[in-house]
Each structure stands twice: as C-alpha cells, then as structure tokens.
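Chain residues, written in single-letter form:
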Amino acid sequence: MKRLRDLLVDGVLLALPLGVAAYLLYTVFIQLKKLLVPIAHLLPAGHFFRIAAVEIAAILPLLLALVALGAFARSALGRRVGKSLEKVLMSKFPGYQMIRSMAVDFTGSED
C-alpha cells in the first residue's frame, strides 16, 4: 500500500507542472489567435492538415518564443537568472525543495 501511495504522489508531482505548463501554453495560444483575427483575411484561406491558417499563424510565434526561451535558459546569463529566481522566488513555495531534491535524485544532476 505504501508503494502505491508513493507512486500516486510521484504521478501527481509530475502531472501538476505539466498540466500548468499545458494550460499556460493553451492560454497564450488562444490570446494569439484573438490577436490574429483582424489580419486573418491576409492569411491563406482554407485548412492545411485540418488546421486553419490562423491557428498555424498563432502556433509559429509561440514555438519561436519557446525556442528563444530555451536558448536563453542554456546561456550563462540564463543559468544565472534561473538560479537567482530559484533562490528568490521558488524557494518560498511550500514543497519546492522536496520536489527539487526528488528531481535531483531522479536525474543525478543539480541542473
């Protein structure tokens, strides 16, 4: 029973940040679609692979922003900013240190 409880807790701890990230990406995507409505007439009409041109146009800046954020996170400045944010903000959240230590144990890396 303890093993089952531990697996359940691990699953929740993994699903929670993934769910939050998915919700944030979805929200940004919806806002980008709303911003593109006034210029939708400039985009090609129809659907491509059952996806509207407006949706494709909204996905592209989102993907570019994620790639840029990933490149920044791997830079020296990005690592310093990340460590500073972790010290100032993240350490104040209850349970963050526990989740972080579990992630370090799982990956074997402090990064």
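A.B. asks: So what exactly am I meant to see when it comes to the overall build of the protein here?
C.D. replies: Tallying secondary structure elements over the protein gives 4 helices and 2 strands in all. When the elements of the protein are put in sequence order from the N terminus, they spell out α-β-β-α-α-α. Relative to its 111 residues, the protein shows a buried fraction of 12%. Relative to all contacts within the protein whose residues are 6 or more apart in sequence, the contacts with residues 24 or more apart total 41%. When the accessible surface of the protein is summed, it comes to about 9300 Å², and 74% of that surface belongs to carbon and sulfur atoms.

A.B. asks: Looking at this structure, I do not really get the nonpolar core. What am I missing?
C.D. replies: Taken as a class, soluble globular proteins show a tendency for nonpolar side chains to be buried jointly. If you look at the biggest cluster of nonpolar residues, it comprises 6 residues: Phe29, Leu32, Leu36, Val54, Ala58 and Leu62. Every element with two or more residues in this core is listed here: α1 (2-36) and α2 (53-74). Setting aside anything within four residues of it in sequence, one finds Leu32 in contact with Ala58, Pro61 and Leu62.

A.B. asks: Explain the confidence of the model for the protein to me, please; I cannot follow it from the model alone.
C.D. replies: Detailed reading of the predicted model is not advised wherever pLDDT is low. On average, residues of the protein score 77 in pLDDT, and 83% of them reach the 70 mark or higher. Considering each helix and strand of the protein separately, the mean pLDDT is smallest for strand β1 (residues 47-48), with a value of 60, and largest for helix α3 (residues 76-88), with 84.

A.B. asks: Could you clarify how one ought to interpret a positive patch on the surface in this entry?
C.D. replies: Residues Arg79, Arg80, Lys83 and Lys87 make up a contiguous surface patch of positive charge. With respect to the secondary-structure elements, Lys87 resides in helix α3.

Cut-offs and rules
Residues numbered from 1 in each chain as written. Predicted model: local features only at pLDDT ≥ 70, side-chain atom pairs only at ≥ 80, totals over all residues. Heavy atoms only, no water. Helix = DSSP H or I, 4+ residues; strand = E, 2+ residues; numbered from the N terminus. Buried < 20%, exposed > 50% of the residue type's maximum accessible area, 1.4 Å probe, protein only. Contact = heavy atoms within 4.5 Å. Areas by Shrake-Rupley, 256 points an atom, 1.4 Å probe, with all protein chains shown as cover. Core = buried A, V, L, I, M, F, W, Y, C linked by side-chain atoms within 4.5 Å. pLDDT = per-residue confidence, 0-100. Patch = residues over 30% accessible without salt bridge, like charges linked within 9 Å, V, L, I, M, F, W, Y side chains within 5 Å. Salt bridge = Lys/Arg side-chain N within 4 Å of Asp/Glu carboxyl O. Lys, Arg positive; Asp, Glu negative; His and termini not counted. Charge placed at Lys NZ, Arg CZ, Asp CG, Glu CD.

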